[in-house]
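What follows is the residue order along each chain.
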Amino acid sequence: PPSSRRAPPARPPGATAPPPPDHRLSPARAPPDARRYDFFKLRLLKLGLSDGLLCQTLASFGAGFVAAAASTPVDRAKTLLMTRGAEYGGNMVSCLLKIAQDDGLAGLYRGFLATWMRIGPWAFLFFVCFEQFRNALNGLQALLEKPKAK
């Protein structure tokens, strides 16, 4: 019986296969997470800031800053590998080393501001909305658990 699977389309002559995804670097490219947010929020609370919109905003932008700082070198290397792979050694580690050797540490962070401007607002919306929803649900739960007077 004929197979229902279709053969993949043929590549034109000279075309190369895309590189396989490298999941080992996924943690470096993770979005801001609750651990980073909590770290900044607890530090701000210890400094005397009240747990309000200002504290949540500063903590979320701090978490976004750390996420951008961790992911920018990996994004830069990935971009260079995709555009000029052979020139940069063909793998992530040799690419990062070549960038640091040629351009210094600042070369690894080229594009940091654009990355932070992408991650920062996302982190702000995510964590502030999370805090507001959590507060609303806690208030609703308190109302539902309140004993009714007879």
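Structure: see above.
**Considering the overall build of the chain**
Scanning the chain from terminus to terminus reveals five helices and zero strands. For the chain, the succession of helices and strands along the chain, N to C, is α-α-α-α-α. Residues classed as buried in the chain amount to 26% of the 150 residues present. Sequence separation of 24 or more characterises 61% of the internal contacts of the chain that already satisfy a separation of 6 or more.

**Digging into the packing of helix α2 (residues 53-84) against helix α5 (residues 112-145)**
Across the interface, α2 lies against α5 with an axial gap of 7 Å and an inter-helix angle of 140°. Taken together, the axes of α2 and α5 are oblique relative to one another. Seen from above, α2 lies across α5 with right-handed handedness.

Parameters and conventions
Think of each chain on its own: its residues are numbered from 1, step by step along the sequence as written. The predicted origin of the model limits local features to residues at a pLDDT of at least 70 and limits the giving and counting of side-chain atom pairs to 80 or more, whereas totals for whole chains, interfaces and linings rest on all residues. Think of the side-chain values as coming from all heavy atoms in the structure, minus any hydrogens and water. Each helix corresponds to a stretch of at least 4 residues labelled H or I by DSSP, and each strand to a stretch of at least 2 residues labelled E; elements are numbered beginning at the N terminus. Each residue's exposure class comes from its accessible area (1.4 Å probe, protein chains only) as a fraction of the maximum for that residue type: buried when under 20%, exposed when over 50%, partly exposed otherwise. Residue contacts follow a heavy-atom distance rule, with two residues in contact if any of their heavy atoms lie within 4.5 Å. Lines fitted to C-alpha atoms define the axes here, with helix axes fitted over just the stretch in contact, and angles between the N-to-C directions of these axes take values from 0 to 180 degrees. Angle categories: roughly parallel below 35 degrees, roughly antiparallel above 145, roughly perpendicular from 65 to 115, and oblique for all the rest. Should the near helix be turned counterclockwise from the far one by less than a right angle, the crossing is left-handed, whereas a clockwise turn marks it as right-handed.

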